[in-house]
Amino acid sequence: MSSPQTAVPPLVLVTGPEGLLAERAVAATLRELRELTPDVEVIRLTADGYEPGAVGMHAAPSLFGGDKAIVVQGLEEAGDELQADLLAYVAAPEPSVTLLVTHASGNRGKRVLDAMRKAKARVLDAPAVKTDRDKSDFATNEFRVARRKATPDAVRALVEAVGQDLRELASACQQLIADTEGVIDETVVLKYHGGKVEATGFRVADAAVAGNAGESLRLLRHAIAVGVDPVPIVAVLASQLRQLVRVGAAGRGRSADLARDLGMAPWQVDKARRSLGGWDGEALARSIQAVAAADQEVKGGGRDPVFAVERAILTICRERSGGGRG
Amino acid sequence: MTVWRDVVGQSQTVATLQRAVSDPDSMTHAWLFTGPPGSGRSVAARAFAGALQCPQGGCGDCRECRTAMDGTHADVDVIATEGLSISVRQARDLVALAQLRPSVGRWRVIIIEDADRLTEHAANALLKVLEEPVPRTVWMLCAPSLQDVLITIRSRSRHLQLRTPPVKKVAELLVERDGVDPGMAMYAARASQSHVGLARRLARDEGARIRRRDVIAMASRITSVGTAVGAAADLVKIAEEESTAASTERDAREIAQLKEVLGVDPSARTQPPHVRSQIAALEKEQKTRAKRFVRDMIDRSLMDLLSIYRDALMLHTAAPVELINADGRAEVDRLARTMGPDDLLRAMDAIGLARERIEANVPPLLALEAMAIELRPPVRH
């Protein structure tokens, strides 16, 4: 096993929720197959619209011989027929066929997964890429594979602009690699993706709590424009202010202890402590009042939900700067 | 004994209803009972239903009377929802039901206990049958106030306004009916502000009394923004714990019953799809029920909280009315000392606003935080 595998095993299983990585794993496996047998026939089957018996039909040896690769996508949505066919095939595989199965997540298709693992299938992972750091690592890796250098600032700006979807991030990386030369820095990224910001309620709230009215309103407009509902934005504003009050009232102490007592994550405590600088109790009190009023307006009590959120944000920012000076 | 025993302090309404039972000319096909919570709207409606079915016009002892009042009479249907609203689907079922002749009794009676929870569609679905009644069908709708029902329903039914029963009458009922000790009955009637059901609960459940005391004590606990936010979190937590305690056992029992009805193996780890979908539907219903329960609990706590500020205000104005929290006199005095009349009024407004906001779907925690912040005593300069 320590030597690089010379041939692809007859069973390959790709598990994990990240579609892009799963696709790449399938493509890499097929490439590997073609190195040995260039004329391998690839048959793609999907879970929805599967016709019973198709796996067995395609796997049956053809009159003209030749190797085949059957790719079954979306085992997590497989119906009973597909599962039964796969199980039957795994129990009696054909020598000239390679079977690739992708499974995103969930319990469905578990029996097929177990059977394939037991039959010593090659298992490839396609883990979810969620945090900003993972996304940065992903982008950095994309550039490295293409033998290009990108500055950390450039990667950060790129993730900020198109980080919502990994597929989008990957194609943005490819575009930069193909269209530019030399070191990829922040100016290059801004030239291609400037002005586009993937705004979420959290970023809006962070800017508001930091007293940055302009930034917060800008992000709010971005968020609304890309379809974020005002309701969760207000909810995030409320929870941020709540955390400030609770951490502020808890006083000194190790943040880990505080986090346990308050039921928050340690990084949330640290963040709240940093933000507390410009705040006092009265300012927080008035801000919470404003957010509560906005919540009611957003839920049908007012005429314009976005205006209600904007007003709450402006109140928060004003209170923050007022409290800071006083 | 008569069916009217439990209808406390509503002599005028009872007289009207009795006349309707004895005199066919005074009878009509749709009645709308309104009155503050706990004034006995549904009790009055059930008593009326009993009197209509009873051969002697409401003796309170015969089978007709008893079954009508506990809601098991074949021709008396009581509709109450534990969810957040009564859907148009339920309303259409009622329309069909209303067309049937009574099977054993003299009338077919349909009581809707929370007509205020009818959705607009559901209320509209009822308009036709309310307007052109089937001869022997009687509708009885109950709602807190006239504004809570659609104007078109209002105009199609005869309105009866119930008043808040006097504290003494409520206490008497508790002593007579439930055998509560007179002192406790007085306390419960006063603390519940004449809400009959609540008074009974307070008188019989030690936990309810402790909870009420905790809520009242909150008034003095709130001193800063930090304690205010903490108090709001506590209020929500108390309500949620109460809800879990009340529902866990019942929810599990309902699921087990459903599985039994469907004839599936209750111990199986995964159920077949059609069973799963039914279980999921039931779980969803249970979730709305729990949500409503939490909201009702919080609303009740807010009423308790409101009462102590009201008492403090009464001390300021020296009005000759009885205190609701006569047992917590020290607390009331303290509050009256630290807060002036305008502060107290502001606090009461804040509590009212919080109730309104929770009604409008603002998360209870946020609404209560905003309220608790307003309840802080003023800073003396």
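What counts, and at which threshold
- Residues numbered from 1 in each chain as written.
- Chains lettered and ligands numbered in written order.
- Predicted model: local features only at pLDDT ≥ 70, side-chain atom pairs only at ≥ 80, totals over all residues.
- Heavy atoms only, no water.
- Salt bridge = Lys/Arg side-chain N within 4 Å of Asp/Glu carboxyl O.
- Helix = DSSP H or I, 4+ residues; strand = E, 2+ residues; numbered from the N terminus.
- Buried < 20%, exposed > 50% of the residue type's maximum accessible area, 1.4 Å probe, protein only.
- pLDDT = per-residue confidence, 0-100.
- Phe/Tyr/Trp six-rings, centres within 6.5 Å; stacked < 30°, edge-to-face > 60°.
- Lys NZ or Arg CZ within 6 Å of the ring centre and 35° of its normal.
- Core = buried A, V, L, I, M, F, W, Y, C linked by side-chain atoms within 4.5 Å.
- Contact = heavy atoms within 4.5 Å.
- Pairing = 2+ DSSP bridges.
- Axes fitted to C-alpha atoms, helices over the stretch in contact; angles between N-to-C directions.

(A) Looking closely at the pattern of salt bridges. Following the criterion strictly, the structure yields 39 salt bridges over all chains and no others. Residues glutamate 369 of chain B and arginine 242 of chain A are paired through a salt bridge, measuring 2.5 Å at the closest nitrogen-oxygen approach. Pair noted here: glutamate 369 of chain B is in helix 15 (residues 364-374) and arginine 242 of chain A is in helix 11 (residues 230-250), and the two residues belong to different chains. With respect to class, glutamate 369 of chain B is no different from arginine 242 of chain A; both count as buried. Glutamate 322 of chain B is paired through a salt bridge with arginine 190 of chain B; the nearest N and O atoms lie 3.2 Å apart.

(B) Quick peek at the confidence of the model for chain B. Residues with a pLDDT of 70 or more make up 99% of chain B, whose mean pLDDT is 87. What the predictor reports for the complex is a pTM of 0.69 with an ipTM of 0.74.

(C) Region of interest: the packing of aromatic side chains. All names here are of chain B. Tallied over the entire structure, the rule returns one aromatic pair over all chains. Taken together, a centroid distance of 5.1 Å and an interplanar angle of 80° make the contact between tryptophan 31 and phenylalanine 48 edge-to-face. With tryptophan 31 in strand 1 (residues 30-34) and phenylalanine 48 in helix 2 (residues 41-53), the pair connects residues that are 17 residues apart, well separated along the chain. Looking at arginine 136, its charged tip hangs above the ring of tryptophan 107, at a distance of 4.4 Å from the centre.

(D) Structural detail: the nonpolar core. Judged by nonpolar contacts, the single largest core of 81 residues is most densely connected at Trp279 of chain A together with Leu305, Tyr309, Leu368 and Met371 of chain B. Not counting the four nearest positions on each side in its chain, tyrosine 309 of chain B is found in contact with Ala219, Leu335, Met339, Leu344, Ala347, Met348, Ile351 and Leu375 of chain B.

(E) The sheet that holds strand 1 of chain B, seen in detail. Residues and elements named next belong to chain B. Across the sheet, five strands lie side by side as 2-3-4-1-5; this open sheet has parallel pairing. Of all strands in the sheet, those bounded by a partner on one side alone are strand 2 (76-79) and strand 5 (158-161). Going from strand to strand, the sheet's axes swing by 15° on average, the running direction of each strand aside. The pairing of strand 1 with strand 4 (residues 137-143) spans five bridges and is classified as parallel. Paired with leucine 32 across the strands is leucine 141, a residue of strand 4. Across the face of the sheet, helix 2 comes into contact with strand 1, strand 2, strand 3 (108-112) and strand 4 while running at roughly 165° to strand 4. Across the face of the sheet, helix 5 (residues 120-131) comes into contact with strand 1, strand 3 and strand 4 while running at roughly 135° to strand 4.

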